[in-house]
Amino acid sequence: MIALRRIAIATLALLAAAAAVAAVLWAAALAGLAHPVVVATGAMQPSYAAGDLLVTTRVPTADLAEGDVVSVPSGGTLVPERIVAVEALAPGSWSLSTAADATERVSEHRVGAEAWAPTLRVPGIGAVAASVLEPKLGLPLLAAVGLLLAVVLFAKSPAAPPARRLV
């Protein structure tokens, strides 16, 4: 029982650390400071692989160039695409031509003085992060965390060894 308790405590500590990182990302997204983006396909290789988690922040559009990766809106979410061309329009307004990969059609996006670009890449964790948010995995995971908490809180602590008397 002692080993089970120690394993439960270690697992909860790891989950707490992951939850703290997720909370910071969530708060940054709510504040409009950063957006997490999961790379869904291998189209961004070699820069980014499928399953990578990208943390995007605002960067000056004037600093972007052909070949850079930006996150653009698509279907209510942000997706990473490579810049094919950058064109200055009116002051503070830009046109970005982007494509998901070399074989896809080019799409046009009008942006202001800032655009969303990846500033942090966490390899391979994006698929896990996206999966955990799905109810079919998230609910059983929540139940498992509850069981671990129950083991930690309600399992008996080991009794102290009897004290030796010196005669």
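The rules behind the values
- Here the residue numbering is sequential within each chain, running from 1 through the sequence in written order.
- Selection of residues for local features in this predicted model requires a pLDDT of at least 70, selection of side-chain atom pairs for listing and counting requires 80 or more, and totals for whole chains, interfaces and linings are taken over all residues.
- Only hydrogens and water are set aside; all other atoms, that is, all heavy atoms of the structure, feed into the side-chain values.
- Numbering of helices and strands runs from the N terminus; a helix is a DSSP stretch of H or I covering at least four residues, while a strand is a stretch of E covering at least two.
- For the exposure calls, accessible area comes from a 1.4 Å probe over protein chains only, and a residue counts as buried if that area is under 20% of its type's maximum, exposed if over 50%, partly exposed in between.
- For this analysis, residues touch if any pair of their heavy atoms sits within 4.5 Å.
- Each accessible area value is a Shrake-Rupley result obtained with a 1.4 Å probe; residue values ignore everything except the protein chains displayed when judging cover.
- Here the rule is simple: two strands pair whenever DSSP picks up at least two bridges between them.
- Side-chain atoms alone can form a polar contact between residues adjacent in sequence; in general such a contact is a pair of N or O atoms within 3.5 Å, and within protein one must be able to donate a hydrogen while the other accepts it.
- Nine residue types can take part in a nonpolar core, namely buried Ala, Val, Leu, Ile, Met, Phe, Trp, Tyr and Cys, and a core is a set of them joined through side-chain atoms within 4.5 Å.

K.L.:
Break down the overall build of the chain for me, citing the residues and quoting the values.
P.N.:
In terms of helices and strands, the chain carries 3 helices and 7 strands. Its helices and strands taken in sequence order, the chain reads α-β-β-β-β-β-β-β-α-α from the N to the C terminus. Out of the 167 residues in the chain, the part that is buried amounts to 27%. For the chain, the share of sequence-separated contacts (at least 6 apart) that also reach a separation of at least 24 residues comes to 51%. When the accessible surface of the chain is totalled, it reaches about 11,100 Å², and 66% of it is carbon and sulfur.

K.L.:
How would you sum up the pairing of strand β4 (residues 77–88)? Please name residues and give values.
P.N.:
Across 6 bridges, strand β3 (residues 69–74) lies against β4 in antiparallel orientation. Along β4, the bridge assignment pairs Val72 with Val79. Between β3 and β4, which pair antiparallel in sequence order, lie 2 residues; one of them, Gly75, sits at a positive phi of approximately 65°. Bridging between β4 and strand β5 (residues 94–99) involves 6 bridges; their strand directions are antiparallel. By the bridge assignment for β5, Arg82 is matched with Ala99. Between β4 and β5, which pair antiparallel and follow one another directly, the connecting turn spans 5 residues, one of which, Gly92, has a positive phi of 80°.

K.L.:
Lay out the side chain of Ser97 with the relevant residues and their values.
P.N.:
Of note, Ser97 is situated in strand β5. Here the side chain of Ser97 touches Glu108 through a polar contact of 2.7 Å, side chain to side chain.

K.L.:
Requested: an account of the side chain of Ser95, with residues and values cited.
P.N.:
On the secondary structure map, Ser95 appears in strand β5. Of the polar contacts made by the side chain of Ser95, one reaches the side chain of Glu108; its length is 3.0 Å. Residues in contact with Ser95, not counting those within four places in the same chain, are Ala85, Val86, Glu87, Leu89, Glu108, His109 and Arg110.

K.L.:
With reference to specific residues and values, describe the nonpolar core.
P.N.:
Judged by nonpolar contacts, Val59, Leu64, Val70, Val72, Ile83, Trp94, Leu96, Val111, Ala115 and Ala117 together constitute the single largest core of 10 residues. Counting residues per element, the ones that place at least two in this core are β3, β5 and β7 (114–122). If we skip the residues at most four places from it in the chain, Val111 touches Thr61, Gly92, Ser93, Trp94 and Leu96. Ranked by size, the runner-up nonpolar core spans 8 residues in total, among them Val37, Val39, Met44 and Trp116.

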